[in-house]
Amino acid sequence: MYYDIIIIGSGPGGYVAAIRAAQLGKKVAVVEKSEIGGICLNWGCIPTKALLKSADVYTHAQHAASYGVSISGSIDADLPAMVQRSRGVAENMSKGVQFLFKKWGIIVHQGFGTLKDSKTVLVSNENEVVELSADYIILATGARARELPHIKIDGTKIIGYRQAMTLPNKPKSMVVIGSGAIGSEFAFFYQSIGTEVTLVEFLDNIVPLEDEEASKNLARAFKKIKMNVMTSSSVTQVDTSGELCEVSIETKKGEVKVSAEVVLSAVGVQTNLENLGLQEIGIVVEKGKVVVDDYYRTNVEGVYAIGDIVHGPALAHVASHEAIICVEKICGLAHVETLDYQNIPACTYTNPEVASVGLSEKAALEQGFELKVGKFPFKASGKATAAGNNDGFIKMIFDAKTNLLLGCSMVGDHVTEMIEEAVIIRKAKLKGHDIIKTIHPHPTMSEAVMEAAAAAYGEAIHIV
């Protein structure tokens, strides 16, 4: 069977590539060994947000009296019901992508795709091996949970994120190894519904890629809900021989032992490159990533790669933009703009949420910039106070010489919805006073963006 473009993988890189290619008139096939929509839609971004929403509703119900609402009877966190809702959300989103595929005439071949050569893909499933050919092949096979060599995931006592999303019962206790977005979100979710969580981070701060102030703010929020947060610590051993997991943790003060029903390993992801035929046809791979140019061409003519398997942050929105750039270049569109990897928003969906783009204050100083830094706390925000959660802040970091926005860090309610303003400001190369002089509606959380910019220039109205 011949196609213009074959895409291996249907995650946020693969399915977006397929739809954009079909929009541009190409005959497209997608090869997928599991669920349409990939990990993000089925086992990552979407279902985790459904779980976090359940935790949010549960938390608000517990504190209903502070909003003047009386709830009679007990308030329970029903984990199986939360999981059932989460799986339903994922299933509906997957069906949505399948509908779009049918609308655009995209053919799905279910099975494992392997490159026979630069124009041919072999699709293997339980029943047969099908040979497909195309002018162009796009690899979008994504990533999976990375395992520590001394802490192997068994799916029962030591689990990865997939098992964490579908536990049959709420554990009484859990140790989470790794405090990136995945680890922090699951730690927050389980602590919120009543599990005693210990969060272990090897580096000095949780969510270590974020601005240090943002990291410390989130750590305080976690400790406020009684989570045990251990930084500058590493798990050296997990003994699963007994009823509970006995976790050995090396800290600056020596080794400590923590007992837990479940250990969640959330130490990053590993690319899915095995058995794709890359080595056989000569595709260059370095440090577990496929080497590509600015338009995602590999060194083999006609073969492209996008998403988690190439350079750049392993984020769904990055994969989707790479997909569009890749396909538009293949299809010969004029003036295809390359992706600015210095202007990628990062989001962590805890409570408070954390979001950022560009340089942190520390990174900007290390790069030699002279800074103007403005910070606006949500304690001074009328909307945040009225909503009942004024924890957090917005920090804007400007180049004092050019007045351009170098970076922005946000902590607080709904900041993952607000970070895009900073992304647009950076892309449009707007300056500090462009933000200050732009009207923001009142009362909103987004006013804090304007106020933080004003604070950087000594013009803030609502803080000293």
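Structure shown above.
Now for a look at the structure at hand. (Residues numbered from 1 in each chain as written. Predicted model: local features only at pLDDT ≥ 70, side-chain atom pairs only at ≥ 80, totals over all residues. Heavy atoms only, no water.)

### Observations concerning the pairing of strand β9 (residues 173–177)
Part 1 of the reasoning: Across the five residues of β9, five count as buried, placing the element largely inside the fold.
Part 2 of the reasoning: Because side chains alternate across β9, one face comprises the buried residues Ser173, Val175 and Ile177, and the other comprises Met174 and Val176, equally buried.
Part 3 of the reasoning: The pairing of β9 with strand β10 (residues 196–200) spans five bridges and is classified as parallel. Residue Ile177 lies in a different strand from β10, and its bridge partner there is Val200.
Part 4 of the reasoning: Handedness of the crossover joining β9 and β10 through helix α6 (residues 181–192): right-handed.
Part 5 of the reasoning: Bridge analysis of β9 against strand β15 (residues 262–265) gives four bridges, and the strand direction is parallel. Bridge assignment links Val175 to a residue of β15, and that residue is Val263. (Buried < 20%, exposed > 50% of the residue type's maximum accessible area, 1.4 Å probe, protein only. Helix = DSSP H or I, 4+ residues; strand = E, 2+ residues; numbered from the N terminus. Pairing = 2+ DSSP bridges. Right-handed = clockwise from strand over helix to strand, strands pointing away.)

### A short note on the sheet that holds strand β22 (residues 371–377)
Part 1 of the reasoning: With respect to topology, five strands assemble into an open sheet ordered β20-β21-β24-β23-β22, the strand pairing being antiparallel. Because the sheet does not close on itself, it has two edges, and the strands there are β20 (346–348) and β22. The mean inter-strand angle of the sheet, taken between neighbouring strand axes irrespective of direction, is 10 degrees.
Part 2 of the reasoning: Pairing geometry for strand β23 (residues 393–399) and strand β24 (residues 405–412), over six bridges, is antiparallel. Within the sheet, the bridge partner assigned to Phe398 lies in β24 and is Leu405.
Part 3 of the reasoning: The sheet contacts of helix α7 (residues 212–224) involve β21 (353–358), β22, β23 and β24, and relative to β23 the element is tilted by about 170 degrees.
Part 4 of the reasoning: Across the sheet, helix α14 (residues 447–456) lies against β22, β23 and β24, angled at about 140 degrees from β22, the strand it touches most. (Axes fitted to C-alpha atoms, helices over the stretch in contact; angles between N-to-C directions. Contact = heavy atoms within 4.5 Å.)

### What about the nonpolar core?
Part 1 of the reasoning: One finds Ile7, Leu115, Ile138, Leu139, Ile283 and Val290 to be the most contacted residues of the largest nonpolar core, which totals 55 residues.
Part 2 of the reasoning: In contact with Leu139, other than residues within four places in its own chain, are Ile8, Leu115, Leu278, Ile283, Val303, Tyr304, Ala305, Ile306 and Ile309.
Part 3 of the reasoning: Tyr58, Val176, Val197 and Leu264 belong to the second largest nonpolar core, which has 39 residues in total. (Core = buried A, V, L, I, M, F, W, Y, C linked by side-chain atoms within 4.5 Å.)

### Regarding the packing of helix α1 (residues 14–23) against helix α4 (residues 79–103)
Part 1 of the reasoning: Packing of α1 against α4 leaves a shortest axis separation of 10 Å and a crossing angle of 25 degrees. For the element pair α1 / α4, the angle class is roughly parallel. Two packed elements cross with a definite hand, and for α1 against α4 that hand is left-handed. Of the residues in α4, those touching α1 at Tyr15, Ala18 and Ile19 are Val97, Leu100 and Phe101. (Parallel < 35°, antiparallel > 145°, perpendicular 65-115°, else oblique. Left-handed = near helix turned anticlockwise from the far one by under 90°.)

### Things to note about the packing of aromatic side chains
Part 1 of the reasoning: A complete count under the given rule lists four aromatic pairs for this structure.
Part 2 of the reasoning: Aromatic side chains Phe188 and Phe222 sit 6.4 Å apart centroid to centroid with 15 degrees between the ring planes, which places their arrangement in the stacked category. Here the residue Phe188 occupies a position in helix α6, and Phe222 occupies one in helix α7, the gap between them amounting to 34 residues. Considered together, Phe188 and Phe222 belong to a single accessibility category, that of buried residues.
Part 3 of the reasoning: For the cation-ring pair, Lys375 lies above Phe393, with the distance from its terminal atom to the ring centre recorded as 4.8 Å. (Phe/Tyr/Trp six-rings, centres within 6.5 Å; stacked < 30°, edge-to-face > 60°. Lys NZ or Arg CZ within 6 Å of the ring centre and 35° of its normal.)

### Describing the sheet that holds strand β13 (residues 245–251)
Part 1 of the reasoning: Pairing is antiparallel in the open sheet, where three strands are placed in the order β12-β13-β14. Every other strand in the sheet has two partners, leaving β12 (234–239) and β14 (254–260) as the edge strands with one partner each. Adjacent strand axes in the sheet meet at a mean angle of 25 degrees when their direction is disregarded.
Part 2 of the reasoning: Across five bridges, β12 lies against β13 in antiparallel orientation. Residue pairing for β13: Gln237 is matched across the bridge by Ser248.

### Some thoughts on the environment of Val97
Part 1 of the reasoning: For Val97, the location among the structural elements is in helix α4.
Part 2 of the reasoning: For Val97, a relative accessible area of 4% gives the class buried.
Part 3 of the reasoning: Counting along the chain gives 285 residues from Val97 to Gly382, while the straight-line C-alpha distance between them is 40 Å.
Part 4 of the reasoning: Ignoring anything within four residues of it in the chain, the contact list for Val97 reads Tyr15, Ile36 and Leu41.

### Side note on the pattern of salt bridges
Part 1 of the reasoning: For the structure on display, the rule yields 12 salt bridges.
Part 2 of the reasoning: Here Glu185 makes a salt bridge to Lys49, at a shortest N to O gap of 3.3 Å. In this pair, Glu185 sits in helix α6 while Lys49 sits in helix α3 (residues 45–62), placing the two residues 136 residues apart along the sequence.
Part 3 of the reasoning: With a relative accessible area of 25%, Lys49 lands in the partly exposed category.
Part 4 of the reasoning: As a salt-bridge pair, Lys53 and Asp56 come within 3.5 Å of each other at their nearest N and O atoms. Here Lys53 and its partner Asp56 are both found in helix α3, three residues apart, which amounts to about one turn of the helix. (Salt bridge = Lys/Arg side-chain N within 4 Å of Asp/Glu carboxyl O.)

All quantities given are derived from atomic positions and should not be read as evidence of function.
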